[in-house]
Amino acid sequence: MRHTRMDLKTACLLVLSILAVFYTLYFAASIILPMILALVVNLLLSAPMRFLHLKMKLPKPLAALILILGVFGVVGAIGTAISVPAAGWIERAPEAMNALGERLAFLRGPIHLLNTASERIENFMTIAGSHLDHTTAKAGSDDTNHIVMSAAPASGGLDSFGSSLLLGTRAFVGQFFTMILMLFFLLAQGDSLLRRFVEIMPTFADKRRTVQIAYQIERNVSLYLATITIINSLVGLANMLQCWLLGMPNPLLWGVMAFLLNYIPIIGPMMGITIYFLVGLFTFPSILQATLPPAIYLCIHLTEGETITPMVLARRFTLNPVLVMGSLMFWDWLWGIGGAFLSVPLLAVFKIICDHVDILTPIGHIVGGPTRGANTAPLFTPDMIDEDDSQPPGK
């Protein structure tokens, strides 16, 4: 980026270092993910923390404890309210699937045609390669033996499922406790940690740059998180209201689900629309009525995503939509649902750091999104390039 050439050895070391970081993030997710979640929640609670400490004159540990108890008290109350209807829907899942199968009986014909075409293509490929037939037969016999052997210990399968569920619950509780503990100390002593970090910077310029990066991260990311939380709350309330008006059962459950899924760009609302459609098929007598809740959900999402959110955030903070989607897929693959929630804040932090580090400024420019009202015409077209010169006119 500084117009200097990078030799092969340095490039290989750089690639290996990046891969080592990614492998560490993957294998140490159980300890790194709660810490990053605590950092993000700390940014969200920074403004209330400052109000309690500076305006209300409360000690930092007491203010941190009040914030944690208040936030997670509200979360626990909502979780308790929706746990009973959610458990009821899980228990009725087999019945719901049978009912949905009856409602979607008109799709059996096209699905049968697709299956028939797939079987014909598979048979053609099998006949085309004689060795493929032998391999397929061997794999089929191995799969049959595996199914016969695994079908015998049915109780063992249930026991393994129960033990895996218990282990997953214990892991979640451990990570949640780690996040709460880390969040408390970040709220109570985070400023002193930043102050110590600034003190070890060698020059005044480095100290100033570190303070600017920390300030921009706290200001922009906390503003983004607070704004998105408010907007998602309005989306959840609107969907809860439409579920209540349309007569869908448990409107609070579906409103909270819409609120949470709206944190995940693109994929979250798509999942919500699909779930609303399936619940509508199970609830309403006709397919036309079942399409009404997801249609309203889609209208709410388009209004929020295309009008309200860009109008509120575009002046302060923009990210490239392509990189937002790439970040979502990458962190979801790396850390699952937790990574999907953190994909946009992590990309925002990365952009802020790039904007304040000279060598990374071009990357920060790429990560930034399009400005409102910018000219979307192409920079140059093929007919603008001279036959005798590969550079565009004016270069």
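Residues numbered from 1 in each chain as written. Predicted model: local features only at pLDDT ≥ 70, side-chain atom pairs only at ≥ 80, totals over all residues. Heavy atoms only, no water.

**Quick look at the confidence of the model for the protein chain**
Detailed reading of the predicted coordinates is not advisable wherever pLDDT falls low. Just so we agree on the cut-off: Along the chain, pLDDT gives the predictor's confidence residue by residue, from 0 to 100. Numbering of helices and strands runs from the N terminus; a helix is a DSSP stretch of H or I covering at least four residues, while a strand is a stretch of E covering at least two. Here, two residues are considered to be in contact whenever any of their heavy atoms come within 4.5 Å of each other.
Model confidence for the protein chain is summarised by a mean pLDDT of 76, while 70% of its residues fall at 70 or above. At the low end of the mean pLDDT range in the protein chain sits helix H7 (residues 130-151), at 45; at the high end sits helix H10 (residues 251-261), at 90. Low pLDDT (under 50) marks residues 160-166, which in the prediction has 0 contacts with non-local residues, meaning those over four places away or in another chain. Taken as a whole, residues 375-382 scores under 50 in pLDDT and shows 3 contacts with residues more than four places along the chain or in a different chain.

**Side note on helix H11 (residues 267-283)**
Convention followed: Multiplying 1.5 Å by the helix residue count minus one yields the expected span of that helix. Exposed residues in this analysis have more than 50% of their type's maximum accessible area, buried residues have under 20%, and partly exposed residues fall in between, with area computed by a 1.4 Å probe over protein chains only.
Helix length check: H11, at 17 residues, gives a terminal C-alpha distance of 24 Å against a target of 24 Å (1.5 Å per residue), a fit within 8%. Listed in full, the buried residues belonging to H11 are Gly268, Pro269, Gly272, Tyr276, Val279, Gly280 and Leu281.

**Quick notes on the UniProt feature "transmembrane region" (unreviewed entry) in the protein chain**
Short version of the rule: UniProt positions are given in the numbering used here, feature names are shortened, and annotations may be inferred rather than shown by experiment.
Under the UniProt annotation, the feature "transmembrane region" (unreviewed entry) is placed at residues 12-29, 64-90, 165-187, 223-247, 253-283 and 333-353. Helix makes up 95% of residues 333-353 and strand 0%. Its end C-alpha atoms lie 24 Å apart.

**A look at the packing of helix H9 (residues 204-246) against helix H15 (residues 337-356)**
Convention followed: Every angle, taken between N-to-C directions, lies between 0 and 180 degrees, and every axis is a line fitted to C-alpha atoms, over only the stretch in contact when it is a helix. Small angles under 35 degrees read as roughly parallel and large ones over 145 as roughly antiparallel, with 65 to 115 read as roughly perpendicular and the rest as oblique. Handedness of a crossing is defined here by the sense of rotation of the near helix relative to the far one, left-handed for an anticlockwise turn of less than a right angle and right-handed for a clockwise turn. As a working rule, the residues Ala, Val, Leu, Ile, Met, Phe, Trp, Tyr, Cys and Pro are called nonpolar, Asp, Glu, Lys and Arg charged, and the rest polar, with Gly in that last group.
Where H9 meets H15, the axes come as close as 10 Å, and the angle between the chain directions of the two elements is 150°. It follows from the interaxial angle that H9 and H15 lie roughly antiparallel. Considering the relative orientation of H9 and H15, their crossing is right-handed. Along its contact with H9, which presents Arg209, Gln212, Ile213, Gln216, Ile217, Asn220, Val221, Tyr224 and Leu225, the element H15 presents Val344, Pro345, Ala348, Val349, Ile352, Ile353 and His356. Of the residues contributing to the contact of H9 with H15, the split by class is 11 nonpolar, 4 polar and 1 charged.

**Examining the packing of aromatic side chains**
To keep it simple, the criterion reads: The criterion for an aromatic pair is that two Phe, Tyr or Trp rings (for Trp, the six-membered ring) have centres within 6.5 Å, with stacked assigned to planes under 30 degrees apart, edge-to-face to planes over 60 apart and tilted to the rest.
Counted by the stated rule, this structure contains 12 aromatic pairs. Note on tyrosine 26 and tryptophan 333: the rings are 6.3 Å apart at their centroids and 20° apart in plane angle, and the pair reads as stacked. Placement of tyrosine 26 in helix H1 (residues 8-27) and of tryptophan 333 in helix H14 (residues 321-335) is noted, with a sequence separation of 307 residues between them. Classification of tyrosine 26 by relative accessible area gives partly exposed; the value is 42%. Measuring from centroid to centroid gives 6.0 Å for phenylalanine 330 and tryptophan 333, while their planes differ by 45°, and the two rings are tilted. Here phenylalanine 330 pairs with tryptophan 333, and both are found in helix H14, just 3 residues apart, close to one helical turn. Judged by its relative accessible area of 26%, phenylalanine 330 falls in the partly exposed class. In this structure an aromatic cluster arises from ring pairing among Phe22, Tyr23, Tyr26, Phe27, Phe330, Trp331, Trp333 and Trp335.

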